[in-house]
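Examining the three-dimensional arrangement
The lines below spell out each chain.
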Amino acid sequence: MSVTSSRLEFLGQLAGGLAHEIKNPLSTIKLTLQLLEEDFQKDDSPTATRAKRKIEVLLREVQHLDDIVQEFLTFARGHDLKLTRTNLREMIVELFEFLADDAQARKIRLHFDYEGKLDNLLLDATLLRQAIMNLLRNAFDALDGKDGGEVIVRARIKGDLLGVEVIDTGCGIAPSNYDRMFRPYFTTKKKGTGMGLPMVRRIVEEHGGQITFESEEGKGTRFLILLPVDPSKTGSLKSMVPTGSEQP
Ligand SMILES: Nc1ncnc2c1ncn2[C@@H]1O[C@H](COP(=O)(O)OP(=O)(O)O)[C@@H](O)[C@H]1O
Ligand SMILES: [Mg+2]
């Protein structure tokens, strides 16, 4: 092991330890704030109202910290893929059902179209669901501030490859951000953690796949995941996608 990689490993352990150390006091703070909020619940005096507003701010900030630490821990853990025969069509239908109310409230139309046999794919279903969910959440976020819009998932089997596209008609991505998209903690959102896309990329790469995107500012974005249908055969993928390409 080189000096650099052992140092990196050490830093990784340190960061993991730090995150765990932060997690416990954070949940104590959160719990105490919630109790405090309850204490003021029935008090409508100006002082109590001001206090409640401050508690709300603190709770929001604590929650944000908690999200960041949680996502860090999930990300840092790494995964052993548990490949099982998965019905991808069903998985996406279920994700859509889960998002249906939110979509309706925000006038977002959801479409799913698919081609090929998707009902018996060798995948880590939990991780792939998480990856697609992250892309869908980003697609929804991209439509914030627009009066409705469309989110489309397209899944296709072509030869040895599975392609999953998540397309939105949202705000798009500024070209100056293209090379930061998959960097941990890069976010343009007030409540963002910037861990969604790094996580998606990690999951896709653990499956031997690749993720790319193209986008037009103001018009929308399309993320494309390509996975080998059999994760032990990644050769076919390499011949189709230039390595390292993540720009349109
Ligand atoms: N579909 C999308 N449309 C526009 N911008 C996007 C989209 N997906 C991701 N982004 C940009 O990439 C950033 C990083 O995304 P992500 O890693 O999921 O973190 P987060 O969602 O917490 O900000 C987002 O803050 C946003 O600027
Ligand atoms: Mg996200």
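Everything numeric here is computed off the predicted structure, so don't read it as measured data. (Residues numbered from 1 in each chain as written. Chains lettered and ligands numbered in written order. Predicted model: local features only at pLDDT ≥ 70, side-chain atom pairs only at ≥ 80, totals over all residues. Heavy atoms only, no water.)

Relative orientation of the contacting elements helix α4 (residues 125-142) and helix α5 (residues 196-206) amounts to 145 degrees, with a least axis distance of 9 Å. Viewed along their axes, α4 and α5 form a crossing whose handedness is left-handed. For the pair formed by α4 and α5, the contact residues are Leu-127, Leu-128, Gln-130, Ala-131, Asn-134, Leu-135 and Asn-138 on the first element and Gly-196, Leu-197, Met-199, Val-200, Ile-203 and Glu-206 on the second. Looking at the contact of α4 with α5 residue by residue, the class counts come to eight nonpolar, four polar and one charged. (Axes fitted to C-alpha atoms, helices over the stretch in contact; angles between N-to-C directions. Helix = DSSP H or I, 4+ residues; strand = E, 2+ residues; numbered from the N terminus. Left-handed = near helix turned anticlockwise from the far one by under 90°. Contact = heavy atoms within 4.5 Å. Nonpolar A, V, L, I, M, F, W, Y, C, P; charged D, E, K, R; others polar.)

The next subject is the layout of surface pockets. By rolling a water-sized probe across the atoms, one finds the places where empty space is left. Each pocket or cavity is described by its volume, and for the largest pocket that value is around 1300 Å³. As for the largest pocket, its lining consists of 45 residues, of which Asn-138, Asp-141, Lys-189, Gly-192 and Thr-193 are closest to the centre. Contributing elements (two or more residues each) for the lining of the largest pocket: α2 (46-77), α3 (88-105), α4, α5 and β7 (220-228). No other element matches the nine residues that α4 contributes to the lining of the largest pocket. The residues that make up the lining of the largest pocket include at least three from each of domain 1 (3-77) and domain 2 (84-240). (1 Å grid on protein atoms, 1.4 Å probe; cavity = no way out; pocket = protein on both sides within 12 Å on 5 of 7 lines; lining within 4 Å. Points joined across faces, edges and corners; volume = space filled by probe spheres on them. Domains from an automatic or database assignment.)

Okay, the packing of aromatic side chains next. Counted according to the given criterion, the structure contains six aromatic pairs. Aromatic side chains Tyr-178 and Phe-213 sit 5.4 Å apart centroid to centroid with 75 degrees between the ring planes, which places their arrangement in the edge-to-face category. Of this pair, Tyr-178 sits in the loop between β5 (161-168) and α5 while Phe-213 sits in strand β6 (residues 210-216), and the two are 35 residues apart along the sequence. One exposure class covers both Tyr-178 and Phe-213, and it is buried. Measuring from ring centre to ring centre gives 6.5 Å for Phe-182 and Phe-223, while their planes differ by 80 degrees; the resulting arrangement is edge-to-face. Residue Phe-182 is located in the loop between β5 and α5, and its partner Phe-223 is located in strand β7; the two are separated by 41 residues in the primary sequence. For Phe-182, a relative accessible area of 5% corresponds to the buried category. Taking the relative accessible area as the measure of exposure, Phe-223 reaches 7% and is therefore buried. Here Arg-202 stacks its cationic end above the ring of Phe-75, 4.8 Å away from the centre of that ring. (Phe/Tyr/Trp six-rings, centres within 6.5 Å; stacked < 30°, edge-to-face > 60°. Buried < 20%, exposed > 50% of the residue type's maximum accessible area, 1.4 Å probe, protein only. Lys NZ or Arg CZ within 6 Å of the ring centre and 35° of its normal.)

What surrounds ligand 1 is a group of 20 residues, the closest being Thr-187, Thr-188, Lys-189, Thr-193 and Leu-197. Separating an oxygen atom of ligand 1 from a side-chain N or O atom of Asn-138 is a distance of 2.8 Å. Taking Leu-197, its main chain carries an N or O atom lying 2.8 Å from an oxygen atom of ligand 1. A majority-of-atoms criterion places ligand 1 in the largest pocket. Elements represented by at least two residues in the shell around ligand 1 include exactly α4, α5 and β7. When residues in the shell around ligand 1 are grouped by element, the largest group, three residues, is from α5. Residues of the shell around ligand 1, tallied by class, amount to nine nonpolar, nine polar and two charged. (Near = heavy atom within 4 Å. Polar contact = N/O pair within 3.5 Å; in protein donor to acceptor, adjacent residues only side chain to side chain. Sits in = over half its atoms within 2 Å of the grid points.)

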